[in-house]
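Spelled out from the first residue to the last, the chains are:
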Amino acid sequence: MDTSIRGKCTEMCPIDETKLRESERLLHILEMIPGTETLAKPRADKNRIVKMYTRSAAGANMSLPKNLRTTGALTKTVNYLLRDVISSKVLPWHLVYDFIADRLLAVRQDMLIQRLSPSHYISLLQPIIRFYTYSAYNLCEHTVSQFDPVLNNKHLQESLKRLLKLYDEIEYVSKKCLADGDSNKHVDYKNLYSDCRPFFEALYIIFNLGDISAIFRGLSLEKKWRTEVVVRALEISMAVLRGNWYRACKRIRKLPTLLAAIASLHLPSIRRDALTKMTIAYSSKILTYPISALQEQLLYSNKSDIIKDCTHYNIKIENDAIQFLKGAATVQDTLGPRHEQFVSEKLSGRSVSNLVLDGDIW
Amino acid sequence: MTLMSLAHYLQLLDRSWRSQDAYKIANLLSLRHEHVESVNLHIENPETMVERFVTAPIDELVVFHLKCLYALSQKRYNEAYQLQSALTQALTKIIQSQKEENWFLPVMYVVCLDLRTVAQKAESEKVGITEKPGEILEKAAECLMGCFRVCAADNRSSEEDTKRIGMLNLVNQLFKVYFRINKLHLCKPLIRAIESSPFKESFSLSQQITYRYYVGRKAMFDSDYKAADQYLTYAFENCHKSSKRNKRLILIYLVPVKMLLGYIPKKEVLEKYDVVQFWDLVEAVCQGNLKLFDELMEKHESFFIKCGIYLIIDKLKIIAYRNLFRKVYLILDKHQIPVEALQTALLSLGQTDVDLDETQCIVANLIYEGKIKGYISDQHRKVVVSKQNPFPALTSLS
């Protein structure tokens, strides 16, 4: 039955690549033996060098078993990147991100070429997705030259969709096993992913907030997968769809860490929507709306952030009160996301590698 | 016909081919026609017999068809699907080679219809554990696309002979597959092809109705309710009155769309087409009875989700809010409505987790959408509504 290619490389980086990159001086600083960085030819640290991502090009054989890593080596690589490298203090974090993101892409490529079994695929993909999620938030204030959110979102979306598809497949198979009386295999599959699945189902909904097909997927899930976190995610997404920013924000505040982080990236558009509607609904030359109330409602970290936003949308503020006036606000581009106090509070004291490798505890 | 002999069947086919009787050929290649009952035709290896009686190129079609009948009689559905798929591909080649003629289209319709139904059957009877859900239907769609391309590319023939007239039938088959496997985005290029076709109005009425039913559903899914209303209304009005089942299917989507646009369906209509479940919903929305509304959402949840109307029904809640607030306004008979009064109304109807701020948020949305004319005063916690027509009729809003 199994005709797919199996990797033979048991290291994080194939030997050929190590030699080549060492001689061509293509080592990343995080891969060099400490102390040799300043040499004309820095030396590769066997324990730290990781296979780079390369595009499949004409003539290049991507599927040589000696250049493909075994499942064990892939697991080791993901663990090394997300446990050790992720907390590296040698470089600014966005450069650490670049390194990890590139090496994870190579991991995903190895997984794809070898067509790993769903169970291995899932166990490797889950931490990778958490990494993209964490990075999307953590680097959201960086300039595009330092961090490309579009590219990161693309990775996140692709991996997440792949993961959900695997869940579906495995569920389908496990039902078949159950129907065939092969209950051992069924239990096997069930244990493997059932703990984490609701989180990722919720992540898909929150990441695609207000998206109808994402909501439909959530709604169509079997009852057993619609746990509290999925129900909350659905509620938020549907509140956004209905324009109920108040409820959406109230629920977002209570989400577990990574979900709150990814949800906060949608806040600029939620706030914009709210401010646009309030400009019409609260329009008055005399009456005002207290800043503090809106700051609370729309999850602003502080007063200066809300003032910044209002100024951007041409909404007048005087003495801590907002004056909404129909027609005064002009349509502007939605502002970029920023770090939010309520997310930072959830993140503080957490080890990033634990969060990414083991996920949220709730 | 149940005892029709193979020779007789093959002779009939050959004669129909020579006289270009497409409808007869279509029947003889159909999986729904009565000849399929004849055990004499369930043959594993019909090649030699077929060769003796039937001329090329349709001999190939007949061989696949008979093999498919045999596979079906053995309940080997995946194999049957593979054979029907091969039959469709062979047919695609034939119609491609028939330049400037389209008499063979009725055969294509039948073969493609059967391909879809066999694929559905194979999909549901799938036994292997390595296959992915929806895979067979996806492959079947690719096969149908092959036919579609041949038809769409036939732009040299004259109007009477063009195969482009066959496009809509295939598009409808493809819609059925795409809706089933939840790949609605694939409908877009098909819709574009039909909308830009010069034969847009010449397709048969039944095909137009099916087409508009699916395009209407797609528009609804894309939140384009005006367009959805247009398409579904056409489908409903033109669907033959004896096709009650189809009319009912159309209504399932048309009723919520109409309601969202402010129209209230008549109870008789709902009763007539056996969608009386909607009547409670109509009442809940009209009365602003949010409690009943929530209960109905829960009660019919799986039905609404299955039909893909859950979110549009959920949107009706906004109209229920509007109607409830209008009632409060009528009772108080004032132009300054305390937000508290609105919240009390919400509370009394089971919306226990809604506070004053959220009430204002709901009102703000209604004002923004033009469903209430007025403004909110946060300082006084009051909604000040317009002296003239504070709750304009929903149908007057664009």
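Rules used throughout
- Residues numbered from 1 in each chain as written.
- Chains lettered and ligands numbered in written order.
- Predicted model: local features only at pLDDT ≥ 70, side-chain atom pairs only at ≥ 80, totals over all residues.
- Heavy atoms only, no water.
- Pairing = 2+ DSSP bridges.
- Helix = DSSP H or I, 4+ residues; strand = E, 2+ residues; numbered from the N terminus.
- Contact = heavy atoms within 4.5 Å.
- Buried area = accessible area lost by both parts, 1.4 Å probe.
- Salt bridge = Lys/Arg side-chain N within 4 Å of Asp/Glu carboxyl O.
- Polar contact = N/O pair within 3.5 Å; in protein donor to acceptor, adjacent residues only side chain to side chain.
- Core = buried A, V, L, I, M, F, W, Y, C linked by side-chain atoms within 4.5 Å.
- Buried < 20%, exposed > 50% of the residue type's maximum accessible area, 1.4 Å probe, protein only.
- Phe/Tyr/Trp six-rings, centres within 6.5 Å; stacked < 30°, edge-to-face > 60°.
- Lys NZ or Arg CZ within 6 Å of the ring centre and 35° of its normal.
- Expected span 1.5 Å × (residues − 1).
- Domains from an automatic or database assignment.
- Axes fitted to C-alpha atoms, helices over the stretch in contact; angles between N-to-C directions.

With an unreviewed UniProt entry as reference, chain B is termed Proteasome component region pci-containing, source organism Holotrichia oblita.

Per an unreviewed UniProt entry, the recorded name for chain A is 80 kDa mcm3-associated protein, and the organism is Holotrichia oblita.

### So, the sheet that holds strand E1 (residues 289-290) of chain A
Here three strands make up an open sheet; going across it, the order is E1-E3-E2 (chain A) and the pairing antiparallel. Each of the sheet's edge strands pairs with one partner strand only, and the pair in question is E1 and strand E2 (316-318) of chain A.

### What to know about the interface of chain A and chain B
In this assembly, 34 residues from chain A lie in contact with 36 residues from chain B. Summing both partners gives a buried area of about 3400 Å² for chain A against chain B, and 61% of it is carried by carbon and sulfur. Counting across the chain A and chain B interface gives six salt bridges. Residues B:Glu301 and A:Lys223 are paired through a salt bridge, measuring 3.4 Å at the closest nitrogen-oxygen approach. Between the two partners, chain A and chain B, sit twelve residue pairs in polar contact (both at pLDDT 80 or more).

### Quick look at the nonpolar core
Counting residues in hydrophobic clusters, the biggest one holds 251 residues, and the most contacted among them are A:Phe131, B:Tyr9, B:Phe104 and B:Phe325. When residues in this core are grouped by element, the largest group, 13 residues, is from helix H17 (residues 310-332) of chain B. Setting aside chain neighbours within four positions, we find B:Phe104 in contact with B:Trp17, B:Ala22, B:Ile25, B:Ile58, B:Leu61, B:Leu91, B:Ile94, B:Ile95 and B:Gln98. Among the nonpolar cores identified, the runner-up in size contains five residues, and A:Leu27, A:Met32, A:Ala44 and A:Ile49 belong to it.

### Comments concerning the packing of aromatic side chains
Scanning all chains against the criterion turns up 23 aromatic pairs over all chains. For the pair A:Phe216 and B:Phe221, a centre-to-centre distance of 5.3 Å together with 20 degrees between the ring planes defines the contact as stacked. You can see A:Phe216 sitting in helix H8 (residues 212-220) and its partner B:Phe221 sitting in helix H10 (residues 205-221), one on each of two chains. The class of A:Phe216 is buried, set by a relative accessible area of 9%. Geometrically, the ring pair formed by B:Trp17 and B:Phe104 is edge-to-face, given 5.7 Å between the ring centres and 85 degrees between the ring planes. Of the two residues, B:Trp17 is situated in helix H1 (residues 6-18) and B:Phe104 in the loop between helix H5 (77-97) and helix H6 (105-124); the sequence distance between them amounts to 87 residues. B:Phe104 carries the same exposure label as B:Trp17, and that label is buried. Taken together, A:Trp93, A:Tyr97, A:Phe131, A:Tyr132, A:Tyr134 and A:Phe147 form an aromatic cluster joined through their ring pairs. One Lys or Arg, B:Lys121, reaches over the ring of B:Tyr77 and ends 5.0 Å from the middle of that ring. When the ring centre of B:Tyr263 is taken as reference, the NZ or CZ atom of B:Lys258 above it lies at 4.8 Å.

### Here we look at H6(B)
Between the first and last C-alpha of H6(B) there are 29 Å, a value that for 20 residues agrees with the 28 Å anticipated at 1.5 Å per step. The buried count for H6(B) comes to 15 of 20 residues, which makes it a mostly enclosed element.

### Overview of the domain arrangement of chain A
The domain architecture assigned to chain A consists of domain 1 (1-116), domain 2 (158-265) and domain 3 (268-323). In this structure, domain 1 of chain A and domain 3 of chain A have C-alpha centres spaced 49 Å apart.

### So, the pairing of strand E3 (residues 382-385) of chain B
Residue and element names in this part refer to chain B. As paired strands, strand E1 (residues 336-338) and E3 are joined by three bridges and run antiparallel to one another. Bridge pairing links Ile337 to Val383 in E3. Strand direction decides the pairing type here: strand E2 (residues 374-377) and E3, joined by four bridges, are antiparallel. Residue pairing across strands places Ser377 opposite Lys382, the latter belonging to E3.

### Remarks on the domain arrangement of chain B
The domain boundaries assigned to chain B delineate domain 1 (1-203) and domain 2 (285-396). Here the C-alpha centroids of domain 1 of chain B and domain 2 of chain B sit 53 Å apart.

### Observations regarding the sheet that holds E3(B)
All names here are of chain B. The antiparallel open sheet is built from three strands, whose spatial order is E1-E3-E2. Each edge of the open sheet is held by one strand with a lone partner, namely E1 and E2. Averaged over all adjacent pairs, the angle separating strand axes in this sheet is 20 degrees, with direction ignored.

### Quick notes on the environment of B:Leu69
Residue and element names in this part refer to chain B. In this structure, Leu69 sits in helix H4 (residues 58-73). Distance in space between the C-alpha atoms of Leu69 and Leu83 is 9.4 Å, their sequence separation being 14 residues. Ignoring any residue separated from it by four or fewer positions in sequence, one finds Leu69 in contact with Leu31, His35, Val36, Leu41 and His42.

### Some remarks on the side chain of B:Thr88
Residues and elements named next belong to chain B. Within the secondary structure, Thr88 is located in helix H5. Among the polar contacts listed, one links the side chain of Thr88 to the backbone oxygen of Gln84, at a separation of 2.7 Å. Here Thr88 is in contact with Val111, Cys112, Leu115, Cys143 and Cys147, once residues within four sequence places are set aside.

### Focus: the pattern of salt bridges
A side chain with one charge may pair with a side chain of the opposite charge, provided their charged atoms come close. Under the defined criterion, the tally for this structure stands at 44 salt bridges over all chains. Linking A:Lys154 and A:Glu158 is a salt bridge whose minimum nitrogen-to-oxygen distance equals 3.9 Å. On the criterion of helical spacing, the pair formed by A:Lys154 and A:Glu158 is a turn pair, its members being four residues apart in helix H5 (residues 149-179). Its salt-bridge partner being B:Asp14, residue B:Arg18 comes within 2.9 Å of it at the nearest N-O pair.

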